[in-house]
Amino acid sequence: MAGELLRTRDILKAGQTLEFYVDEEGDRYPSRILSMTEKELIVLAPVDQAGVPLALNPQMKLNCLVQVKDEQYKFQIVLRNESKRGRVSVWHTALPEKVETFQNRSFVRVEVDLPLEIRLISAEGAIGRPMKARMVDLSGGGLCFELNQSVEPGLQVALQINSIPEIGIIDVMSRVRRCKPINPKAVYLKYHIGVDFGYLPRSVTNRIVHYLFSVQRSRINKAAWLKGR
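Below you will find a few notes about this structure. (Residues numbered from 1 in each chain as written. Predicted model: local features only at pLDDT ≥ 70, side-chain atom pairs only at ≥ 80, totals over all residues. Heavy atoms only, no water.)

### Describing the overall build of the protein
1) Next: Along the protein, the regular secondary structure elements total two helices and 15 strands.
2) Next: A total of 229 residues make up the protein; the buried ones form 42% of that total.
3) Next: Sequence separation of at least 24 residues holds for 57% of the intrachain contacts in the protein that already meet a minimum separation of 6. (Helix = DSSP H or I, 4+ residues; strand = E, 2+ residues; numbered from the N terminus. Buried < 20%, exposed > 50% of the residue type's maximum accessible area, 1.4 Å probe, protein only. Contact = heavy atoms within 4.5 Å.)

### Brief notes about the pattern of salt bridges
1) Next: Applying the stated criterion across every chain yields a total of five salt bridges.
2) Next: A salt bridge links R7 to D10; the nearest nitrogen and oxygen atoms lie 3.1 Å apart.
3) Next: We classify R7 as exposed; its relative accessible area is 53%.
4) Next: For D10, a relative accessible area of 45% corresponds to the partly exposed category.
5) Next: Between R134 and D113 there is a salt bridge, with the nearest N and O atoms lying 2.6 Å from each other. Of this pair, R134 sits in strand 11 (residues 131–138) while D113 sits in the loop between strand 9 (110–111) and strand 10 (115–120), and the two are 21 residues apart along the sequence. (Salt bridge = Lys/Arg side-chain N within 4 Å of Asp/Glu carboxyl O.)

### A word on the side chain of T8
1) Next: Looking at the secondary structure, you find T8 in helix 1 (residues 8–11).
2) Next: T8 sits in the buried class, given a relative accessible area of 3%.
3) Next: Those residues within four positions of T8 in sequence are excluded, and the remaining contacts are M36, L95, P96, E97, K98 and V99.

### What to know about the packing of aromatic side chains
1) Next: Scanning the model with the defined rule gives one aromatic pair in all.
2) Next: With a centroid separation of 6.2 Å and 45° between ring planes, the pair formed by F20 and W91 is classed as tilted. Of this pair, F20 sits in strand 2 (residues 17–21) while W91 sits in strand 7 (residues 88–94), and the two are 71 residues apart along the sequence. No difference in accessibility class separates F20 from W91, as the two residues are buried. (Phe/Tyr/Trp six-rings, centres within 6.5 Å; stacked < 30°, edge-to-face > 60°.)

### Focus on the pairing of strand 15 (residues 191–197)
1) Next: With six of seven residues buried, strand 15 lies mostly within the body of the structure.
2) Next: Taken together, the six bridges between strand 12 (residues 142–147) and strand 15 define a ladder with antiparallel strand orientation. The partner of E146 across the bridge, within strand 15, is H192.
3) Next: Sheet topology note: the strand 14 (residues 170–181)/strand 15 ladder contains seven bridges and is antiparallel. Residue pairing for strand 15: R178 is matched across the bridge by G194. (Pairing = 2+ DSSP bridges.)

### Some points on unusual backbone geometry
1) Next: Although it is not a glycine, Q59 adopts a positive phi angle of roughly 75°.
2) Next: Unlike most non-glycine residues, E166 shows phi in positive territory, near 65°.
3) Next: Within the element layout of this structure, E166 appears in the loop between strand 13 (156–161) and strand 14.

### Digging into the nonpolar core
1) Next: Grouped together as the largest cluster of nonpolar side chains are 33 residues, with contacts concentrated most on I118, L138, L143, F145, L159 and I208.
2) Next: Of all elements in the fold, only strand 10, strand 11, strand 12, strand 13, strand 14, strand 15 and helix 2 (202–228) reach the threshold of two or more residues within this core.
3) Next: At five residues, helix 2 tops the list of elements feeding residues into this core.
4) Next: Not counting residues within four places of it along the chain, the set of residues in contact with I208 comprises L138, S139, G140, I164, I167, I170, F197 and L200.
5) Next: Residues L12, I33, L41 and L79 belong to the second largest nonpolar core, which totals 19 residues. (Core = buried A, V, L, I, M, F, W, Y, C linked by side-chain atoms within 4.5 Å.)

### Quick look at the environment of Q59
1) Next: With respect to the secondary-structure elements, Q59 resides in the loop between strand 4 (40–44) and strand 5 (61–68).
2) Next: A relative accessible area of 59% places Q59 in the exposed class.
3) Next: Spatially, the C-alpha atom of Q59 lies 5.0 Å from that of L79, the residues being 20 residues apart in sequence.
4) Next: Not counting chain neighbours up to four residues away, the residues in contact with Q59 comprise V78 and L79.

### Observations concerning the environment of R129
1) Next: Relative to the helices and strands, R129 is located in the loop between strand 10 and strand 11.
2) Next: On a C-alpha basis, the gap between R129 and I118 in space is 8.3 Å, while along the polypeptide they are 11 residues apart.
3) Next: With near-sequence residues (within four places) excluded, R129 lies in contact with I118 and R119.

The following block contains the structure:
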């Protein structure tokens, strides 16, 4: 959802964490602003879920989200080149002229490590046995969990969540959007399964979003405290 346009330098600062992505449904890749010049934004090379830096594709456009207090902002960058700072790779990108407020808070994904119970549903509608799993990330619109088997995108998964503080039990149907191996070269493969929630009452979605922002605030405060030690 489009929001208010703001000047880049009023929002972006060195040290801020970022998330790069190509489209709303795809994976997001964490990064951090290292420095800014009049025409350039210099960031850590984003990494995938295995911690491997992404390969640079010059002139490619990427979407980016940045969290500032309780607000989230979106902008687009154009990749230029890559260099080294010590042992890390950094990307040089064109400095965006404007950023905009990003209103779709329900779909802000936050890394969490919480248990849940899942039941896989086959294409024929057969409901599988309950299995324990752990979340990788969570939003008001879905989540990602880790599993030791692949699940075909498009299939349904029944979820039972009883680990989000002050929310209680959530029973919801979901649909698989993506399934990726964590480490394709591993002997015993594990997968990240991304799902979208089916119907959830708006009150439940709001409580999930409130919990996620409390997690983010706590992490920001902890990082600031560690930096000030």
